[in-house]
Amino acid sequence: MILIDIAAKWIRAEYARWQKRIRGLFERWRPPFRLQVVDGDSLPPVVPVGALVLARDGNEDWCVGMKCPCGCGRTIELLLIPEAKPRWSLSLDPAGLPSLSPSVFLRDGCRAHFWLRGGRVTWT
Amino acid sequence: MTSQNAAGNRPANSTITIQIAGLDLNFKAVSIVDPTPTGAQIAAAAEVLPDNDPFVLRFLDDGELVPILASEVAPIDDVNDRFVVTSADRAFRLKVDGEQYDWPAQYVTGKTVRKLAGIANDLQLMLSVENEPDTVIGNRDLVDLAVAGVERFYTVHETWKIKVQDTVIQSDLPTIKVRDAMNKAGFDPAQPWHIFLKVAGQPKQEVGLDFDVDLRTHGIEKLRLTPRDVNNGEAGNGFRLLGVDEAFLAQSGWRWRTVLDQGRRWLIIDDYRLPPGFSSTAVAMALEIPNTYPGAQIDMFYVAPVLLLANGNRIGATETLITIGGVTYQRWSRHRGQASPWNPKIDNVRTHLTLVDGALSREVNQ
């Protein structure tokens, strides 16, 4: 019985490792997320695949939205306003590619957990 | 006809009482020594002299104004019968919600129209104006009835509006709970949301479901909703502490998390080492973080499992047990002394844990 337990644990760990490796390979082929700015405090009804949409109300950045990079189809909305908890900060590198800090962790559904750095997804 | 019968039943020279008002419609009881007064007698009782073109109107319960000629006997049924007496040579016609009224003066205020037509307070009085947007008539607004044509008033429900995300909702009441506004706009309040109230020229405000939004607030814009479905990967699964606390905990090397349990907020450090002399070497240490922390103090501390001294003796003021996330914690009723009250500017998780360590050491060093 103990052996079966150990084997099951090992298989689960190997599966997770391979999943991560495959996702990592996939991320190299994915074009980087690019920033699109929309006017107003809210995301548009449809967030295009591959875009990080920034809702800018006047001179205030309210939120960013993106399709979940796991492919589940869900739109993720992250608040940037300082009053929000949790909140994220958005930065752009010289090439204009967006980074988010800290990481993004969906509470339900696909439970994706990733970083967006320089437009690219790093799975944790 | 009933009125004449009623009048006829009264003794011949008895006094009767009626209600008389001027154009303000503030009725006062006036006595007349004649059970069957004429228009002229009522005018005299109201102290409008015959030379001043007295104009007597009977004010019926439904608001209708019926002119009584000077020589005409006024039908009187009751002490509450009301008459409007003024001096005018003609009446001006107006309509309120289709009902016609003849008003014995050129000007009428919104308040008078409301009294005349018996308009409920929660309705708004409007005046329809040709070729222009209709106007709201406030109580103090004067309307000139001499303008050609019949002035048409109408009433509307006062409605209050707010945007919920991109949906405009209306409310008949000037305040609305966030929960109700969300329901009206088709958002499920049972789901977790970040809810921000935006008012032009004011800082945005995070609000809860039971917050009453005052829709009369100038510049009120919208309730901005964001699904609360994403954690920021570093924040555990409960709530954020102060930046200084998170930095302190990060460098402490402890495994820690924040937990919401039945509306109470807890910081739990899973492997908190104890000084020797207790029944355990380490505990899960829980601190209750009040909603208004750091304004409100962190008080006492809670440990799991329940501690005894190593020799089996009980520890004073630790009898109370509570559960956090299904685990039983022992409450250590230890409080700040008079000499060192909580200071929101200085005190935080780190300073509180120094008091915790002090309290733990005292138990084993005695």
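The residue numbering used here restarts from 1 in each chain and proceeds along that chain's sequence as written. Following the order in which they are written, the chains are lettered starting with A and the ligands numbered starting with 1. The predicted nature of this model means local features are confined to residues of pLDDT at least 70 and side-chain atom pairs, given and counted, to a pLDDT of 80 or more, with totals for whole chains, interfaces and linings taken over all residues. The side-chain values count all of the structure's non-hydrogen atoms but skip hydrogen atoms and water molecules.

An unreviewed UniProt entry annotates chain B as Multiubiquitin domain-containing protein originating from Devosia salina.

Caption draft 1: Quick look at the packing of aromatic side chains. Whether two aromatic rings pair depends on their centres lying within 6.5 Å, for rings of Phe, Tyr and Trp, where Trp uses its six-membered ring; planes under 30 degrees apart make the pair stacked, over 60 edge-to-face, and the rest tilted. Evaluated as defined, the whole model comprises 10 aromatic pairs over all chains. Judged by centre distance (6.0 Å) and plane angle (70°), the rings of Phe 278 of chain B and Trp 332 of chain B are edge-to-face. In this pair, Phe 278 of chain B sits in the loop between strand 22 (264-273) and strand 23 (282-288) while Trp 332 of chain B sits in strand 26 (residues 327-332), placing the two residues 54 residues apart along the sequence. Each residue in the set Phe 248, Trp 254 and Tyr 272 of chain B is aromatic and connected to the rest through ring pairs, giving one cluster. For a ring to carry a charge above it, either NZ of a lysine or CZ of an arginine must fall within 6 Å of the ring centroid while also lying within 35 degrees of the normal to the ring plane. Over the ring of Trp 115 of chain A we find Arg 117 of chain A; its NZ or CZ atom is 4.2 Å from the centre of that ring. For the cation-ring pair, Arg 265 of chain B lies above Phe 239 of chain B, with the distance from its terminal atom to the ring centre recorded as 4.3 Å. A helix here means a DSSP run of H or I that spans at least four residues, while a strand means a run of E at least two residues long, and both kinds are numbered starting from the N terminus.

Caption draft 2: Inspection of the environment of Leu 145 of chain B at higher detail. All names here are of chain B. Looking at where Leu 145 falls in the secondary structure, it is placed in the loop between strand 11 (142-144) and strand 12 (151-157). Remark: the alpha-carbon pair of Leu 145 and Ala 91, spanning 54 residues in sequence, is separated by 9.4 Å. By definition, residues are in contact when any of their heavy atoms lie within 4.5 Å. The residues contacting Leu 145, other than those within four sequence positions of it, are Phe 92, Leu 94, Trp 103, Ala 105, Gln 106, Val 108 and Glu 151.

Caption draft 3: Region of the structure containing unusual backbone geometry. All names here are of chain B. Between Tyr 293 and the following residue, Pro 294, the backbone shows a cis peptide bond with an omega angle of 5°. Mapped onto the secondary structure, Pro 294 falls in the loop between strand 23 and strand 24 (301-304). In this model, Ala 304 is joined to Pro 305 through a cis peptide bond whose omega is 0°. Summarising the element assignment, Pro 305 is placed in the loop between strand 24 and strand 25 (321-324). Its identity as a non-glycine residue notwithstanding, Asp 97 has a phi of 50°, on the positive side.

Caption draft 4: The pairing of strand 14 (residues 167-171) of chain B, seen in detail. Residues and elements named next belong to chain B. When DSSP locates at least two bridges between a pair of strands, those strands are taken to pair. Pairing between strand 13 (residues 160-164) and strand 14: five bridges, direction antiparallel. Bridging across to strand 14, Trp 160 finds its partner in Ser 171. The hairpin formed by strand 13 and strand 14 contains two residues between the paired strands, and Gln 165 there has a positive phi angle of roughly 55°.

Caption draft 5: Representation of empty space enclosed by the protein in the model. Cavities and pockets are defined on a 1 Å grid built over the protein atoms alone: a cavity is a set of grid points where a 1.4 Å probe fits but cannot escape, while a pocket is an open set with protein on both sides within 12 Å along at least five of seven lines, and lining residues are those with an atom within 4 Å of any such point. Grid points are joined across faces, edges and corners, and a volume is the space filled by probe spheres set on the points. Tallying each qualifying case throughout the model produces one cavity of 30 Å³ or more. Size it by volume and the largest cavity reaches roughly 50 Å³. Contributing to the lining of the largest cavity are Glu 77, Leu 78, Leu 79, Pro 86 and Trp 88 of chain A together with His 194, Thr 226, Pro 227, Arg 228, Asp 229 and Val 230 of chain B. Those elements that place two or more of their residues in the lining of the largest cavity are strand 4 (75-79) of chain A together with strand 19 (220-227) of chain B.

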